[in-house]
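An overview of the molecular structure
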Amino acid sequence: MSQHHDALIYTMVIVSAADREMADAELRRMGQLVTFLPVFGDFNVDDLPMAAEDCAPLLADENGLDKILALITQGIPPKLRETAYAIACDIAAADGKVQLEEARILEMLRDALKIDSLAAAAIERGARARHATL
């Protein structure tokens, strides 16, 4: 597995786990994203559970979130930073509601990845539109 794959998966995990519960819709969305996004084209989908589980002990560690954000920032090249933020927004929107904790993680990711505010707003709006229901 490559460093950018780990970083993207950790991005999905921290957003999903932000509210202390990884909803089924969020887990399904992770699998879907890993299956169809070009950035995961050379990733073995069967490795997703193990990669996601690798994030848990890091998160439980003291200052774990800061450490994971540093790993994400180091592991995602500038060319993929907006992609990472889009993936994070898709996970947050997957269960139909963005919890306060998830919004806070998204803000931290925006800052860590240096996502421009206009680009972030567009990415967030796109995620809301993709996950809208009647």
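Described below are features of the structure shown in this document. (Residues numbered from 1 in each chain as written. Predicted model: local features only at pLDDT ≥ 70, side-chain atom pairs only at ≥ 80, totals over all residues. Heavy atoms only, no water.)

Turning our attention to the overall build of the protein. A count of helices and strands for the protein gives seven helices and zero strands. Secondary structure elements of the protein, listed N to C terminal, follow the sequence α-α-α-α-α-α-α. By the compact-globule yardstick of 14 Å for 134 residues, the protein fits well, its C-alpha radius of gyration being 13 Å. Summarising the internal contacts of the protein: among those between residues at least 6 apart in sequence, 77% fall at separations of at least 24. Just so you have it, the protein exposes about 7400 Å², and 54% of that area is on carbon and sulfur atoms. (Helix = DSSP H or I, 4+ residues; strand = E, 2+ residues; numbered from the N terminus. Rg over C-alpha atoms; globule rule 2.2 N^0.38 Å. Contact = heavy atoms within 4.5 Å. Areas by Shrake-Rupley, 256 points an atom, 1.4 Å probe, with all protein chains shown as cover.)

Looking at the element boundaries, threonine 11 is found in helix H1 (residues 3-16). Owing to a relative accessible area of 0%, threonine 11 belongs among the buried residues under this scheme. Ignoring any residue separated from it by four or fewer positions in sequence, one finds threonine 11 in contact with Ile72, Ile76, Ala84, Ala88 and Leu109. (Buried < 20%, exposed > 50% of the residue type's maximum accessible area, 1.4 Å probe, protein only.)

Turning next to the packing of H1 against helix H5 (residues 81-93). Helix packing geometry: the angle between the two helix axes and the distance between the axes. Orientation of H1 relative to H5, taken along the N-to-C sense of each, is 30°, at an axis distance of 9 Å. The orientation of H1 relative to H5 falls into the category roughly parallel. Where H1 crosses over H5, the handedness of that crossing is right-handed. Contacts between H1 and H5 involve Leu8, Thr11, Met12, Val15 and Ser16 on the former and, on the latter, Ala84, Ile87, Ala88, Ile91 and Ala92. For the contact of H1 with H5, the residue count by class is eight nonpolar, two polar and no charged. (Axes fitted to C-alpha atoms, helices over the stretch in contact; angles between N-to-C directions. Parallel < 35°, antiparallel > 145°, perpendicular 65-115°, else oblique. Left-handed = near helix turned anticlockwise from the far one by under 90°. Nonpolar A, V, L, I, M, F, W, Y, C, P; charged D, E, K, R; others polar.)

Moving on: the pattern of salt bridges. All chains considered together, the criterion is met by five salt bridges. In this structure, the salt-bridge partner of aspartate 61 is lysine 67, at a minimum N-O distance of 2.4 Å. Its relative accessible area of 41% is what places lysine 67 among the partly exposed residues. Among the salt bridges present, the one from aspartate 90 reaches arginine 130, with a minimum N-O distance of 2.7 Å. (Salt bridge = Lys/Arg side-chain N within 4 Å of Asp/Glu carboxyl O.)

Bringing helix H2 (residues 24-36) into the picture now. Spanning 13 residues, H2 covers 18 Å between terminal C-alpha atoms, matching the ideal 18 Å at 1.5 Å per step. Within the sequence span of H2, burial applies to Glu26, Arg29, Met30, Gly31, Leu33 and Val34. Among the structural elements, H1, helix H3 (48-60), H5, helix H6 (100-113) and helix H7 (117-130) are those in contact with the buried residues of H2. (Expected span 1.5 Å × (residues − 1).)

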